[in-house]
Amino acid sequence: MTANLPLISLLTAVVMGICVYATAHFARNYLFCRRKGFADTHYLLFSLLCLLATALLGSSILAYQAGDVEVYASMIKWRSTLEQLFFVVWPWFVYRLTSAGSVRLVSVISLYALFMVLLSLLRPYGLYVDELPTLVSQSYAWREQIAFHQASPGNVGLFASAGVMAACLYSLYATYVYLQGWRRASAILLTAGMLLFMGFHFANLLMYAGMLDTTPLVQYAYVSLIAATSILLSKQMLQIVEQNADKYRTLFEAAGDAILILGDGTVVDCNPSALKLFAAERESLIGRTPVELSPALQYDGRETQAAAMEKVTAAMNDGPQFFEWQHMRLDETLFDAEVTLNRLD
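So, here is what we can say about the structure in this document.

The next subject is the overall build of the chain. A tally of helices and strands in the chain yields 10 helices and six strands. In the chain, which comprises 345 residues, the share counted as buried stands at 44%. Entry remark: accessible area of the chain is about 18100 Å², with carbon and sulfur atoms responsible for 62%.

A separate point is the packing of helix H3 (residues 69-98) against helix H4 (residues 103-122). For the pair H3 and H4, interaxial distance at closest approach is 8 Å and the crossing angle is 170°. Taken together, the axes of H3 and H4 are roughly antiparallel relative to one another. Residues Lys77, Trp78, Ser80, Thr81, Gln84, Leu85, Phe87, Val88, Pro91, Trp92 and Tyr95 of H3 lie in contact with H4, whose contacting residues are Val103, Val106, Ser107, Ile109, Ser110, Ala113, Leu114, Met116, Val117, Ser120 and Leu121. In terms of residue class, the contact of H3 with H4 is built from 15 nonpolar, six polar and one charged.

What follows deals with the nonpolar core. Among the nonpolar cores identified, the biggest contains 48 residues, and Phe46, Phe86, Phe87, Trp90, Phe93, Phe197 and Leu233 are the most heavily contacted of them. For this core, the secondary structure elements donating two or more residues are helix H1 (7-35), helix H2 (41-64), H3, H4, helix H5 (154-180), helix H6 (184-208) and helix H7 (218-254). Ranked by residue count, the leading element in this core is H3, at 10 residues. Each residue touching Phe197, except ones within four places of it in the same chain, is listed here: Phe87, Val164, Cys168, Ala221, Tyr222, Ser224 and Leu225. If you look at the next biggest cluster of nonpolar residues, it comprises 16 residues, including Leu285, Ala307, Phe323 and Phe335.

In this section: H2. End to end, H2 covers 35 Å across 24 residues, agreeing with the expected 34 Å (1.5 Å per residue, within 8%). When you tally the buried positions in H2, you get 17 out of 24 residues, the bulk of the element.

Summed over all chains, the structure comprises four salt bridges. A salt bridge links Glu253 to Arg249; its shortest N-O distance comes to 2.8 Å. Here Glu253 pairs with Arg249, and both are found in helix H7, just four residues apart, close to one helical turn. By relative accessible area, Glu253 is classed as partly exposed at 36%. Given the relative accessible area of 37%, Arg249 is considered partly exposed. Note that Arg282 and Asp269 form a salt bridge whose closest N and O atoms lie 2.7 Å from each other.

Let us look at unusual backbone geometry. Backbone geometry places Ala279, a non-glycine residue, at a positive phi of 50°. With a relative accessible area of 56%, Ala279 lands in the exposed category. In this structure, Glu332 takes a positive phi of about 75° despite not being glycine. Structurally, Glu332 can be placed in the loop between strand S5 (321-328) and strand S6 (334-341). Relative accessible area serves as the criterion here: at 60%, Glu332 is assigned to the exposed category.

Our next topic: the packing of H2 against H3. Where H2 meets H3, the closest approach of the two axes is 9 Å, and the angle between their N-to-C directions is 165°. Comparing the axis directions of H2 and H3 gives the class roughly antiparallel. The two elements H2 and H3 cross, and the hand of that crossing is left-handed. Each residue belonging to the contact of H2 with H3 can be placed in one class, and the counts come to 22 nonpolar, four polar and three charged.

A cluster of nonpolar residues, Trp78, Leu111, Leu114, Leu118 and Leu121, forms a patch on the protein surface that exposes about 480 Å² of accessible area. Per-element tally for the nonpolar patch: the top contributor is H4, with four residues. Looking at the secondary structure, you find Leu114 in helix H4. For Leu114, a relative accessible area of 35% gives the class partly exposed.

Now for the pairing of strand S3 (residues 260-263). In terms of strand pairing, S3 meets strand S4 (residues 266-270) through four bridges, oriented antiparallel. Among the inter-strand pairings, Gly263 is bridged to a residue of S4, identified as Thr266. Taking the residues that link successive antiparallel strands as the turn, the S3-S4 hairpin has two residues, and the phi of Asp264 there is positive, at about 55°.

Conventions adopted
Residues numbered from 1 in each chain as written. Predicted model: local features only at pLDDT ≥ 70, side-chain atom pairs only at ≥ 80, totals over all residues. Heavy atoms only, no water. Helix = DSSP H or I, 4+ residues; strand = E, 2+ residues; numbered from the N terminus. Buried < 20%, exposed > 50% of the residue type's maximum accessible area, 1.4 Å probe, protein only. Areas by Shrake-Rupley, 256 points an atom, 1.4 Å probe, with all protein chains shown as cover. Axes fitted to C-alpha atoms, helices over the stretch in contact; angles between N-to-C directions. Parallel < 35°, antiparallel > 145°, perpendicular 65-115°, else oblique. Contact = heavy atoms within 4.5 Å. Nonpolar A, V, L, I, M, F, W, Y, C, P; charged D, E, K, R; others polar. Core = buried A, V, L, I, M, F, W, Y, C linked by side-chain atoms within 4.5 Å. Expected span 1.5 Å × (residues − 1). Salt bridge = Lys/Arg side-chain N within 4 Å of Asp/Glu carboxyl O. Left-handed = near helix turned anticlockwise from the far one by under 90°. Patch = residues over 30% accessible without salt bridge, like charges linked within 9 Å, V, L, I, M, F, W, Y side chains within 5 Å. Pairing = 2+ DSSP bridges.

Next up, the structure:
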């Protein structure tokens, strides 16, 4: 079956691209948090979920455009396998995010999904089809045709769907716990994503059973879940960054040692202790270079310009530098200082 304008498949491909971006984005968030010493594994788990959703959407595109029933059957087998693999990971993500329920409960839901993954791989056509299906072609006003089957999911398919619904119900319980912890906005987002997922999943089963006349909806189920959770985690990451910025700003302002922050070789920020040490107003220090705040020559007779460049290069390449330095206030009075020079990433 050929499509003159595969709009549904193109839109699904666009969503796949978004999922690929989300995979990289949340993996980067996890690494950022880990470097800062407060890594939460739910960022890494969600990155894996986005990757699985990408593969699942890809199998949907190939199934919709299949012109051969064997190719279609292979794609829906992989789709059912990836769906269950998604729900091996999803309960652990929700548990790490909300701390709701128990490890035993999450393990049971996850292991049930893992059993379904193995069963899907062993069965010739996956979980929802017992025999080689008959393809139905659906045409749209924009001249696209997509392929899908209409058949009862069978007992195995119903058991698989029951496991998915169990994971969804646990997630709804977790959102209730989240709500009790005064995370109302996050709880609403997660609840909305789960309800949309459950609605699309049920509608998709009804469509395959011939009880609902609509386009295949499975891709929208995962899109809604990934989108809602991505917004939730992005808001959470922003809060983490803001909280840590406030914490470090407090430490920065209250530090007894003078601190100068350099950007492109000039002072871009300084704390009150630095203003006191240099006997200057903030506006007078911002924009100056360390060389301008030092005499022309250092203790050993070396030119300050060359010595400063040497220290900066060493700090950038070799790590923190500790050394004695002679500085100069704006009124040109000299003072001795012990300097710690660090690179900020």
